[in-house]
Amino acid sequence: MRVLVINCGSSSLKYAVIDTAERRELLSGLAQRLGSPEASLTIKAGGEKLERALPGAEHAAAMRAAYDDLRARGLADGLAGIGHRVVHGGQLFSASVRIDEQVERGIESCVPLAPLHNPPNLLGIRICRELLPGLPQVAVFDTAFHQSMPAHAYAYAVPWAWYEQHAVRKYGFHGTSHRFVSARARELLGLRPDDHGLVVAHLGNGCSATAVRNGASVDTTMGLTPLEGLVMGTRSGDLDPAIVAFMAERLRVDAAKVVDLLNKQSGLLGVSGVSNDMRAVLAAAEGGNQRARLAIEVFCYRLAKHLAALAVPLGRVDAFVFTGGIGENSAPIRARVVAWLAVLGCRLDPARNAVHGRDSGGRITVDGATCALVVPTNEELAIALDTAALVAGKN
Ligand code: AMP
């Protein structure tokens, strides 16, 4: 089956055409800086890259240009459905769903929980419906996988009315990646579907870790918003919440501004002063930059502490799993984290780690030790597979 996968952001539109039978991407595209004179569309297909200027184009015009290109390549005709990444499904959605009016209203009702993300996600759905009427559309939520968390994991110890009246609780994100990667890790390790415990670390520009017991998320590091938990490219992760009021007073700004700084000017970028990009921070540290070194130490130490904590709901850890741009590609970061996890029986195999576990079924630890594994994520494929299953009526 051929599926169009859409990830519609506030000023960008990312898409891919996936052949689900072959689990292969046929084409991918990215429209950026939408709504500005610099708007452009980049298309990658068959090893070639094409860039087109689309000055002033908004989302609808970009989608039209993308679709015209798909038609010209003969990729539009056989499409079986469209899968949309939707960031927040609140407590309404615990799995991917076919989109109808009621589902759209549900996504709309979650806008207060993700004011920057759900509106462009909805816009993408509406544009596709106009452009490709009659083609089934599916919503795949970042939060859905974590709806299986028990109340003792998702409840914050705050006045209960905050939860009852304002839906304040831990939701978790990156669910599509955690679900895909944990299923793949289970396969690679030959574990039983009804008897396994995995801790998955998704380390991209955003970072989160999840405890997966028997295929279900039982706890995760991100919270009401993606700000909670691990240190990330520009996000602080956990901190003393009193810092928000403290810094608002010091900087003479409101709380929302401080939260914005915690989201956009913190994390690796904040500590290193160099970059939010791990490659650049590693290079600076290599060159002797002390703050870059500290940023890496803070990142790895805090990550290891969270990974160890996520062993608690599992009882038994079959593997710690690394994925995302950093998790899949950075041997030095994995080495530091695995070293901290010695307390839980992990022992790195440096040769396996250097080649990202490619010759050892993903394993980067020595045989007999608690396993650490590298498993590449593929969120587009996961969205396409859900879409294909729902279109075929299998879910
Ligand atoms: P993602 O959001 O999954 O694309 O991941 C982006 C992050 O992965 C950025 O911080 C990149 O610097 C990081 N990354 C990608 N390749 C490498 C690498 N070879 N070594 C270290 N970090 C990497």
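In case you missed it, the structure is sitting above this.
Counting starts from 1 at the beginning of each chain's written sequence and moves along it residue by residue. Whole-chain, interface and lining totals are the exception, using all residues; otherwise, since this is a predicted model, local features are given only for residues with pLDDT of at least 70 and side-chain atom pairs are given and counted only at 80 or more. The basis for the side-chain values is all heavy atoms of the structure; hydrogens and waters are excluded.

Caption draft 1: Local environment of the sheet that holds strand 9 (residues 197-203). Strand pairing is assigned whenever DSSP detects at least two bridges linking the two strands. Runs of H or I in DSSP of at least four residues are treated as helices and runs of E of at least two as strands, each being numbered from the N terminus. If you walk across this open sheet you meet the 5 strands as 11-10-9-12-13, and the pairing is mixed. Whereas interior strands pair on both sides, the edge strands pair on one side only; in this sheet they are strand 11 (216-220) and strand 13 (371-374). In this sheet, neighbouring strand axes are inclined to one another by 25 degrees on average, regardless of whether the strands run parallel or antiparallel. Bridge count between strand 9 and strand 10 (residues 207-213): 7 bridges; the pairing is antiparallel. Among the inter-strand pairings, H202 is bridged to a residue of strand 10, identified as S208. Contacting strand 9, strand 10 and strand 12 (319-323), helix 11 (residues 290-309) runs over the sheet at an angle of about 155 degrees to strand 9. Inter-axis angles, ranging from 0 to 180 degrees, are taken between N-to-C directions of lines fitted to C-alpha atoms, where helices are fitted over the stretch in contact. Residues count as neighbours in contact if any of their non-hydrogen atoms are within 4.5 Å of one another.

Caption draft 2: Inspection of the sheet that holds strand 1 (residues 2-8) at higher detail. The strand order 5-4-3-2-1-6-8-7 describes an open sheet built from 8 strands, whose pairing is mixed. Each edge of the sheet is formed by a strand with only one pairing partner; in this case those strands are strand 5 (48-53) and strand 7 (97-98). In terms of strand pairing, strand 1 meets strand 6 (residues 79-86) through 5 bridges, oriented parallel. Within strand 6, the position partnered with V3 by the bridge is G81. Strand contacts of helix 15 (residues 379-391): strand 1, strand 2 (13-19), strand 6, strand 7 and strand 8 (137-141), with the helix running at about 125 degrees to strand 6, the strand carrying the most contacts.

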